[in-house]
Amino acid sequence: MLIKRREFLKISSLASASLLIPNFLQSMTLDHAFKPSQKILIVLQFTGGNDGLNTIIPTKNDIYFKERNNIAITDSLPLNDETGINPSLSYFKELFDNGELSVMNNVGYPDPEKSHFRSMDIWHSASRSDQFLETGWLGRYLDEECYQCEHPTQALEVDDMLSLALKGENNKAFAFKDPKKLYQTSQEKYFKSLYDQNHHHDDETVSYLYQTLGSTINNADYIFEKSKSKKTVQEYPNSKLGKDFKTVASLIKSDINTQVYYLSIGSFDTHVNQNERQQKLFGEINDAIKSFVADMKANGLFNDILLMTFSEFGRRVAQNASKGTDHGTANQMFFISGGLKKKGILNALPDLQNLNEGDLIFTEDFRKVYATILKNWLNADSSKILGWKNGIYDFI
């Protein structure tokens, strides 16, 4: 049977919402795919290269204020005698004071890339800068945990397309923006009629699309039902990120037993008028996470949830002529949880006297952070997943 181009494109549009192997979605109907006591990881990606120096501010460093005479943050909220946080992240200050936030500075990798796409690929795949991988660190986690096991591990990305970070060789996460819209789309007569037909295609791509279509239709209602099974009384902001966190919260409180959630916000590519753009994005992040943490605490779940943030690179130390900053290298990462073993500022602030042609020099390898999360939080074999054997941290 020949498939028309229009038919192919329409099937692809629904299939692209998941980008998963068929048996992955089927596993989501298994009641005992995960034990309720297992911990949950939420990754929040700051897309575009967030400026770390205007996020965690070295308040006593004269070089910082000299190199950023127009954009330096002068009203930061104090974390300690030498460090402040951007005032638009006021709730992060509260988390810090409560011992529910950790900050790791100078995170990066050797021979850093300043291309958005390449550096993001490196962070997603946990590769070296001279290495190109087609699988992501969380995708390989799914592969490792689900190798010859009865119930594959589950992961969800709140987005239209699946990121490389969640693509494994044999298992992939499931990407969607809104459970209700996914369900409504899957119930359209056109897609239902295609699924009800008996399709056999020699073309592997077409056959795969039909299989994915069938799995999506079979399970979209399951995801939708889980998302509304535990209605929240917590008020969330009406921003995109606020809605995304509300979706994640509703799923966490259900018995869907997903262990990894992936979200993103941006763009932080602040070459021009940086402070205005960063203030807006930080405000959205601050308010969304404040609602989410309150929701998790109210339901007794915060100790078993780890929220991690990252960006593909930081910015240069000196501001540019447009009151912004250009692509740089090392950056900080945030970790938010009620179950942190070490809180606060985990390591030294960036050394602004020791730069590489105007860029920060990394001191902490992001793959060590990933190895720590895989081993200490997700209870996985980080050496098999990452090939990383250079130790781990002890903040979780």
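Residues numbered from 1 in each chain as written. Predicted model: local features only at pLDDT ≥ 70, side-chain atom pairs only at ≥ 80, totals over all residues. Heavy atoms only, no water.

- As annotated in an unreviewed UniProt entry, the chain carries the name DUF1501 domain-containing protein and is attributed to Chryseobacterium gilvum.

**Here's the deal with the nonpolar core**
Then comes step 1: By size, the foremost hydrophobic cluster in this structure holds 43 residues, and its most contacted members are Ile42, Leu44, Phe245, Ile285, Ile289 and Phe292.
Then comes step 2: Those residues in contact with isoleucine 42, other than ones at most four positions away along the chain, are Phe245, Val248, Ile252, Tyr261, Leu263, Phe292, Ile305, Leu306, Leu307 and Met308.
Then comes step 3: Ranked by size, the runner-up nonpolar core spans 42 residues in total, among them Phe335, Leu378, Ala380 and Ile385. (Core = buried A, V, L, I, M, F, W, Y, C linked by side-chain atoms within 4.5 Å. Buried < 20%, exposed > 50% of the residue type's maximum accessible area, 1.4 Å probe, protein only. Contact = heavy atoms within 4.5 Å.)

**Side note on the packing of helix H10 (residues 240–253) against helix H11 (residues 274–298)**
Then comes step 1: Contact geometry for H10 and H11: axes closest at 9 Å, N-to-C directions at 15°. Accordingly, the angle class assigned to the pair H10 and H11 is roughly parallel. Between H10 and H11 lies a crossing of right-handed hand. Listed contacts from H11 to Leu241, Gly242, Phe245, Val248, Ala249, Ile252 and Lys253 of H10 are Glu284, Ile285, Ala288, Ile289, Phe292, Asp295 and Met296.
Then comes step 2: Within the contact of H10 with H11, the residues separate by chemical class into 10 nonpolar, one polar and three charged. (Axes fitted to C-alpha atoms, helices over the stretch in contact; angles between N-to-C directions. Helix = DSSP H or I, 4+ residues; strand = E, 2+ residues; numbered from the N terminus. Parallel < 35°, antiparallel > 145°, perpendicular 65-115°, else oblique. Left-handed = near helix turned anticlockwise from the far one by under 90°. Nonpolar A, V, L, I, M, F, W, Y, C, P; charged D, E, K, R; others polar.)

**Here we look at the packing of aromatic side chains**
Then comes step 1: Following the criterion strictly, the structure yields 13 aromatic pairs and no others.
Then comes step 2: Taking the centre distance of 5.0 Å and the plane angle of 45° together, the rings of phenylalanine 245 and phenylalanine 292 count as tilted. Taken as a pair, phenylalanine 245 in helix H10 and phenylalanine 292 in helix H11 lie far apart in primary sequence, 47 residues in all. Here phenylalanine 245 matches phenylalanine 292 in class, with each residue buried.
Then comes step 3: Geometrically, the ring pair formed by phenylalanine 366 and tyrosine 370 is edge-to-face, given 5.2 Å between the ring centres and 90° between the ring planes. You can see phenylalanine 366 and its partner tyrosine 370 sitting in helix H12 (residues 366–377), four residues apart, about one turn around the helix. Assigned by exposure class, phenylalanine 366 and tyrosine 370 land together as buried. (Phe/Tyr/Trp six-rings, centres within 6.5 Å; stacked < 30°, edge-to-face > 60°.)

**A few points about the pairing of strand E5 (residues 101–108)**
The side chains of a regular strand alternate, residue by residue, between the two faces of the sheet.
Then comes step 1: Burial within E5 is extensive, with eight of its eight residues counted as buried.
Then comes step 2: Sheet topology note: the E5/strand E10 (residues 331–336) ladder contains five bridges and is antiparallel. Across the sheet, residue valine 107 finds its bridge partner in E10, namely asparagine 331.
Then comes step 3: Across two bridges, E5 lies against strand E11 (residues 344–345) in parallel orientation. Counted as the bridge partner of serine 102 is glycine 344 from E11.
Then comes step 4: Here E5 pairs with strand E12 (residues 364–365) via two bridges, running parallel. Counterpart to glycine 108 in the pairing with E12 is aspartate 365. (Pairing = 2+ DSSP bridges.)

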